[in-house]
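# A closer look at the structure
Chain residues, written in single-letter form:
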Amino acid sequence: GKANIGVVGLAVMGSNLARNLASREGNTVAILNRSYEKTQKLLDEHPEAGFLPARDYEEFAATLAKPRTAIIMVKAGRGTDAVIDELVRVFEPGDIIVDGGNALFTDTIRREKAVRETGINFVGAGISGGEEGALNGPSIMPGGSAEAWQTLGPILRSIAAVAEGEPCVTHVGTDGAGHFVKMIHNGIEYADMQLIAEAYDLIRRGTGKSPAEIADIFAEWNRGELESYLIEITAEVLRQTDPATGEPLVDVILDQAGAKGTGAWTVQTALDLGVPVSGIAEAVFARSLSSKPAQRAAAAELPGPDGTFDIHDADAFVEDVRQALYASKIIAYSQGFDAIVAGAEQYGWDIKKGDIAAIWRGGCIIRAQFLNRITEAYAADPGLVALVTAPYFADAVTRTQQAWRRVVVAAAEAGIPSPAFSSSLAYYDGLRADRLPAALVQGQRDFFGAHTYKRIDREGTFHTLWSGDRSEVSAVDTH
Ligand code: NBP
């Protein structure tokens, strides 16, 4: 028999995805890797999978039933383009090429356009959940044409994570929509991780509790409204003792956070779209700051509180931090969904926001109970202008905001950096402000650049003759 699906690229992600595919009823999986060693290794280690190996692209194409469907899992960038060129050479119109790597969505838009001209379908699919997700069930965010989704849908549904009976995959939108949404997922992941890290830091410095004790707090939080994979693994990491020194592992890990770039992509994209994703941006910048040892060493003697502070009621403080974390998390997700809305508008994608929250409930890194509330909010009001204004979330920030403010104040007074907590609160206060000092900024812009302004009391566009008699004139709107 022939294979109904193929995988190109058999490093950790590709081989796990191939095994996942092979384990599902009805799938026969063709496999191909640039160097044959990885193919041989996978065959040797998993004879039960019944893989059909190929040594080159011709053999790979011949092994696949039509319409041929292949998922590429190679290093994103030039490798992806090289594999696409080869597949286009051996595939035929109607066949489907899926890129499951972490491609930048604008690359996916470009590739989809080029491949479509050959009559072959190209689908950029965001796949989240790391190695374990690839093997046992990831959250999958495919873009591409509705036609390709007809063939691909059942296959992807068979391998996706399942949350509350539903497979965590949906056709996100055309061309780059899937990789765009995957990028935003990763951006939200950055924000969520930074918020959790700030919560840990505040509790540790505020109460003097040990990492193991704080692990218990996170495990407790994981039974409430904060329940999520990231809270769960945070407890695991905090509980870990370093075998070499006997110290908590978190105390021997170098405090310089790395990044692979998807958080930065999210922020760059949001800047272009004019969407304030301040929580995500602060999370990306916090990693950058941590990874500047020379600057940190040079600044270490600068004055300020030493990060210790007096708390008379540790339990009350921990509860305040929990509430601040929840409120800030709502802001981070609200901003992430704003970016999805703006991207959909800019690129002409019909993205169902509620469905996106639903497919993030399983398989991916930001999986959480909380996502059900987002799905419900968009179901109740598909035109919701900001997630934080939906009744459930508005109630949550109403309930938590006093604690949120106390925590941000305490952090500032003690000299504990809390960029994600405090910027989320600033965003919240900015959004709900009756008047913003943006009026003054407009005045400044008009002063030095004649950029004009609008008035609250009259239609039209105006300019003050700053270097003349300072009278006001009607002006052509120049922004
Ligand atoms: P890598 O990103 O390490 O890529 C290794 C694979 O790419 C190997 O199969 C390698 O072939 C192949 N490859 C390269 Br490199 N250049 C190639 C070229 N020019 N032509 C053909 N093949 C080429 O693998 P990975 O860590 O399994 O990740 C695969 C994809 O999944 C990436 O896009 C990555 O960003 C994404 N990813 C996602 C997650 C997640 O959580 N969703 C996690 C990790 C990775 P070789 O064996 O011949 O060198």
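Residues numbered from 1 in each chain as written. Predicted model: local features only at pLDDT ≥ 70, side-chain atom pairs only at ≥ 80, totals over all residues. Heavy atoms only, no water.

If you look the protein up in an unreviewed UniProt entry, it shows as 6-phosphogluconate dehydrogenase, decarboxylating from Homoserinibacter gongjuensis. Taken verbatim from the UniProt record of the protein, the Pathway (unreviewed entry) comment is "Carbohydrate degradation; pentose phosphate pathway; D-ribulose 5-phosphate from D-glucose 6-phosphate (oxidative stage): step 3/3." For the record of the protein, the UniProt heading Function (unreviewed entry) holds the text "Catalyzes the oxidative decarboxylation of 6-phosphogluconate to ribulose 5-phosphate and CO(2), with concomitant reduction of NADP to NADPH." (UniProt positions renumbered as here; feature names shortened; annotations may be inferred.)

Under the criterion given, the structure shown has 15 aromatic pairs. Measuring from centroid to centroid gives 5.2 Å for Tyr392 and Phe393, while their planes differ by 90°, and the two rings are edge-to-face. Given the relative accessible area of 36%, Tyr392 is considered partly exposed. One aromatic cluster in this structure is built from Tyr326, Tyr333, Phe370, Tyr392 and Phe393. Note that Arg55 overlies the ring of Tyr36, its terminal NZ or CZ placed 3.8 Å from the centroid. Sitting over the face of the ring of Tyr190, Arg287 holds its NZ or CZ atom 3.7 Å from the ring centroid. (Phe/Tyr/Trp six-rings, centres within 6.5 Å; stacked < 30°, edge-to-face > 60°. Buried < 20%, exposed > 50% of the residue type's maximum accessible area, 1.4 Å probe, protein only. Lys NZ or Arg CZ within 6 Å of the ring centre and 35° of its normal.)

Take the UniProt feature "domain: 6-phosphogluconate dehydrogenase C-terminal" (unreviewed entry) in the protein next. When the UniProt feature table is mapped to this numbering, "domain: 6-phosphogluconate dehydrogenase C-terminal" (unreviewed entry) covers residues 178-467. Secondary structure over residues 178-467 splits into 65% helix and 1% strand, and the C-alpha atoms at its two ends are 52 Å apart. (Helix = DSSP H or I, 4+ residues; strand = E, 2+ residues; numbered from the N terminus.)

Let us now look at the site of the ligand. Neighbouring residues of the ligand: 23 residues in total, closest Met13, Asn33, Lys38, Ile127 and Gly130. Between the ligand and Val74 there is a distance of 3.0 Å, counted from an oxygen atom to a backbone nitrogen or oxygen. Within the complex, 76% of the 920 Å² of free accessible area of the ligand lies under protein. Mapped onto the shell around the ligand, the elements with two or more residues apiece are α1 (12-23), α4 (78-90) and β6 (121-128). (Near = heavy atom within 4 Å. Polar contact = N/O pair within 3.5 Å; in protein donor to acceptor, adjacent residues only side chain to side chain. Areas by Shrake-Rupley, 256 points an atom, 1.4 Å probe, with all protein chains shown as cover.)

Our focus in this paragraph is α1. In this model, α1 (12 residues) spans 17 Å end to end at C-alpha, consistent with the 16 Å of a helix rising 1.5 Å per residue. All buried positions along α1 are accounted for by Gly14, Ser15, Asn16, Leu17, Ala18, Asn20, Leu21 and Ala22. (Expected span 1.5 Å × (residues − 1).)

Taking 1.5 Å per residue as the helical rise, helix α7 (residues 146-159) with its 14 residues ought to reach 20 Å, and the 19 Å between its terminal C-alpha atoms agrees with that figure. The axis of α7 is deflected most strongly, by about 50°, at Leu152, and proline Pro154 appears within four residues downstream. Buried within α7 are the following residues: Ala148, Trp149, Leu152, Gly153, Ile155, Leu156 and Ile159. Buried residues along α7 sit against β1 (5-8), α1, β4 (69-72), β5 (96-99), β6 and β7 (139-142). (Bend = angle between axes of the 7 residues up to and from the residue. Contact = heavy atoms within 4.5 Å.)

Now for the sheet that holds strand β2 (residues 29-32). On the basis of which strands lie adjacent, the open sheet formed by 7 strands has the order β3-β2-β1-β4-β5-β6-β7 and mixed pairing. The strands lining the two open edges of the sheet, one partner per strand, are β3 (52-53) and β7. As defined by bridge partners, β2 adjoins β3 across 2 bridges and the pair is classed as parallel. Paired with Ala30 across the strands is Leu52, a residue of β3. Strand contacts of helix α5 (residues 105-116): β5 and β6, with the helix running at about 150° to β6, the strand carrying the most contacts. (Pairing = 2+ DSSP bridges. Axes fitted to C-alpha atoms, helices over the stretch in contact; angles between N-to-C directions.)

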